[in-house]
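Read off the chains here:
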Amino acid sequence: MSYFKNFICGMLIGIANAIPGVSGGTMAVILNIYDKIMYSISLKNIKENLRFLIPLLLGGAAGIFALSKVIVQAMENYPVILNFCFIGLVLGSIPALYKKAKGDGINKRNWVFFAVALVLMVFLTLINPDAASNKTLEEFGGISPGFCVWLFITAAVSMIAMILPGLSGSLIFLLLGTYGIVMESIATFNLILISIIGLGVLAGGFTGIKVIKKMLRFHPQALYFGILGLMIGSILIIWPGFSFSIEGLSAVTGLVIFAAAAYLLSARK
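Moving on: the overall build of the protein chain. The helix and strand tally for the protein chain stands at 12 helices and 0 strands. When the helices and strands of the protein chain are listed from N to C terminus, the series reads α-α-α-α-α-α-α-α-α-α-α-α. Residues counted as buried form 48% of the 269 residues belonging to the protein chain. Element-wise, carbon and sulfur atoms account for 71% of the exposed surface of the protein chain, whose accessible area totals about 14000 Å².

In this structure, Thr-154 sits in helix H7 (residues 145-163). Polar contacts involving the side chain of Thr-154 include one to the main-chain carbonyl oxygen of Leu-151, which spans 2.9 Å. Apart from the residues lying within four places of it in its own chain, the contact partners of Thr-154 are Phe-173, Leu-176 and Thr-178.

On to helix H5 (residues 79-102), then. In this model, H5 (24 residues) spans 35 Å end to end at C-alpha, consistent with the 34 Å of a helix rising 1.5 Å per residue. The largest bend along H5 measures about 30° and falls at Ile-94, with the proline Pro-95 one to four residues further on.

The next thing to look at is the packing of aromatic side chains. On inspection of all chains with the given rule, the structure shows 3 aromatic pairs. Ring plane angle 85° and centroid distance 5.5 Å describe the contact between Trp-111 and Phe-114, whose orientation is recorded as edge-to-face. Linking Trp-111 with Phe-114, this pair stays in helix H6 (residues 111-127), spanning 3 residues, or about one helical turn. Taking 4.7 Å as the distance between ring centres and 90° as the angle between the ring planes, the aromatic pair formed by Trp-111 and Phe-225 counts as edge-to-face.

Taking 1.5 Å per residue as the helical rise, helix H10 (residues 191-218) with its 28 residues ought to reach 40 Å, and the 40 Å between its terminal C-alpha atoms agrees with that figure. Along its length, H10 shows its largest kink, about 40°, at Gly-208. Every buried residue of H10 is listed here: Leu-193, Ile-196, Ile-197, Gly-200, Gly-204, Gly-205, Gly-208, Ile-209 and Ile-212. Where H10 begins, one side-chain oxygen reaches toward the backbone nitrogen of Ile-192, 3.2 Å away; that side chain belongs to Asn-190.

Below, the discussion takes up the nonpolar core. Ile-33, Ile-37, Leu-151, Tyr-179 and Met-183 are the most contacted members of the largest nonpolar core, which totals 68 residues. Residue contributions to this core peak at 10 residues, all from H5. When residues no more than four places from it in sequence are discounted, the contact partners of Met-183 are Ala-18, Ile-64, Ser-68, Ile-71, Val-72 and Met-75.

All right, on to unusual backbone geometry then. The phi angle at Phe-189 is positive, at roughly 55°, despite the residue not being glycine. When you line up the elements, Phe-189 lands in the loop between helix H9 (179-187) and H10.

Let's shift gears to the packing of H7 against H10. Between H7 and H10, the least distance of the axes is 7 Å, while the angle of their chain directions is 45°. Comparing their axes, H10 and H7 come out oblique. You can see that H7 and H10 cross each other, and the crossing is right-handed. Residues Phe-147, Cys-148, Leu-151, Phe-152, Ala-155, Ala-156, Met-159, Ile-160 and Ile-163 of H7 touch H10, and the partners they reach there are Leu-193, Ile-196, Ile-197, Leu-199, Gly-200, Val-201, Ala-203, Gly-204, Gly-205, Gly-208, Ile-209 and Ile-212. Split by residue class, the contact of H7 with H10 holds 17 nonpolar, 4 polar and no charged.

Tracing the sequence through the fold places Ile-186 in helix H9. Accessibility expressed as a relative area gives 15% for Ile-186, which makes it buried. Each C-alpha atom, one on Ile-186 and one on Lys-69, is 8.0 Å from the other, the two residues being 117 residues apart in sequence.

Reading guide: rules and limits
Residues numbered from 1 in each chain as written. Predicted model: local features only at pLDDT ≥ 70, side-chain atom pairs only at ≥ 80, totals over all residues. Heavy atoms only, no water. Helix = DSSP H or I, 4+ residues; strand = E, 2+ residues; numbered from the N terminus. Buried < 20%, exposed > 50% of the residue type's maximum accessible area, 1.4 Å probe, protein only. Areas by Shrake-Rupley, 256 points an atom, 1.4 Å probe, with all protein chains shown as cover. Polar contact = N/O pair within 3.5 Å; in protein donor to acceptor, adjacent residues only side chain to side chain. Contact = heavy atoms within 4.5 Å. Expected span 1.5 Å × (residues − 1). Bend = angle between axes of the 7 residues up to and from the residue. Phe/Tyr/Trp six-rings, centres within 6.5 Å; stacked < 30°, edge-to-face > 60°. Core = buried A, V, L, I, M, F, W, Y, C linked by side-chain atoms within 4.5 Å. Axes fitted to C-alpha atoms, helices over the stretch in contact; angles between N-to-C directions. Parallel < 35°, antiparallel > 145°, perpendicular 65-115°, else oblique. Left-handed = near helix turned anticlockwise from the far one by under 90°. Nonpolar A, V, L, I, M, F, W, Y, C, P; charged D, E, K, R; others polar.

In structure tokens form, the structure reads like this:
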């Protein structure tokens, strides 16, 4: 029974991780298995926790795969509406993240981390306004050594983000310009790209978790204020433009619905 339960939990976390703005870490907290995952993902403890991790990983893969086809179709046919929904998810997640960052009080010096992160996102938007354009593999020019290295790096960075409650790994993919490729590779079951992404995820998980644990232990508010700046700034990158039309009204409706859903989900303890 525990295998099935862990598989279902993995599916829910996988689905959350596939949607930019929705945190797989937050879903793990809601499911009350976040602490166990953090404990299990280390070279010291992984062997004794394989009975827990394997069905969780299989469920996560199934959840991501199931949602990837839907997202790829939406990216092709309804890109403006999809991006507005993504913005709604980000907006809905911000209040809970701010509450977590604030804690019992705010150290004014930590606003510097927020400002630096926000300015960084504005800078990225100005120098690369098409960063989150959801390009296909063909638009990227196909598989090349340089592209494989970049995909590996973005997967590693995104995995580090997935570890943190309140931050979405898929949002990092989106900001780094590889979200469309990741969803396409999973939907089409491209084993080469999936292998590269998988290796990046493993590298990010095993190396990043130590850094994250230390930051959460010694500088949690600085870390979360930096994340808050990245999330607010990410709206500039995701923004697809707006026009008063049926599509525009549908996009705004999607934003409101997804913002409310993300708020309710992230606010749960």
